Amino acid sequence: VQLQAFGGGLVQAGDSLRLSCAAPGQTLRGYALAWFRQAPGKEREFVTAVRQSGSNTYYADSVKGRFTISRDNVKNTVYLQMNSLRPEDTAVYYCAMGARVILSRIRVSSAYDYWGQGTQVTVSS
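What comes next concerns the included structure. (Residues numbered from 1 in each chain as written. Predicted model: local features only at pLDDT ≥ 70, side-chain atom pairs only at ≥ 80, totals over all residues. Heavy atoms only, no water.)

One can find L85 in the loop between β8 (77-82) and β9 (91-98). L85 sits 45 residues away from P40 along the chain, and the two C-alpha atoms are 17 Å apart. Apart from residues no more than four positions distant in its own chain, L85 is found in contact with V11, A13, G14, D15, S16, L17, R66, F67 and V123. (Helix = DSSP H or I, 4+ residues; strand = E, 2+ residues; numbered from the N terminus. Contact = heavy atoms within 4.5 Å.)

Structure below.
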């Protein structure tokens, strides 16, 4: 399974970006989907996830109220809408999908089976 993430870029603080992650030829139905990010010199951290059903979403406290995850099972794409961006949101953003992600591990990167290549988001102050 190959995930392709895109939509990153250089923006100013307060701006918005929408990231997309597609899985050409691969259905996303039945998979939990997530976004993680990794800033320079830091470990990869959980940003947000949506469960297989699509009805439950989870967010890191640092992005709650600003970021929104959504999935389109017809287009086989997961989105990350990022509003009110801050310099501390600067990182490489990775999408991930997992077939058997239980709720207690939904924020854990090792719970996911497949990863995109990452897309850089840079927020200037």
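Once the structure has been displayed, the description carries forward.
Positioned with a positive phi, N76 is a non-glycine residue whose angle comes to about 55 degrees. Locating N76 in the fold gives a position in the loop between β7 (67-72) and β8.

This next bit is on the sheet that holds strand β3 (residues 17-22). Within the open sheet, the 4 strands sit side by side as β1-β3-β8-β7. Their pairing is antiparallel. Each end of this open sheet is capped by a strand with a single partner; those strands are β1 (4-6) and β7. Here the average twist between neighbouring strands, direction ignored, is 15 degrees. Across 6 bridges, β3 lies against β8 in antiparallel orientation. Residue pairing for β8: R18 is matched across the bridge by Q81. (Pairing = 2+ DSSP bridges. Axes fitted to C-alpha atoms, helices over the stretch in contact; angles between N-to-C directions.)

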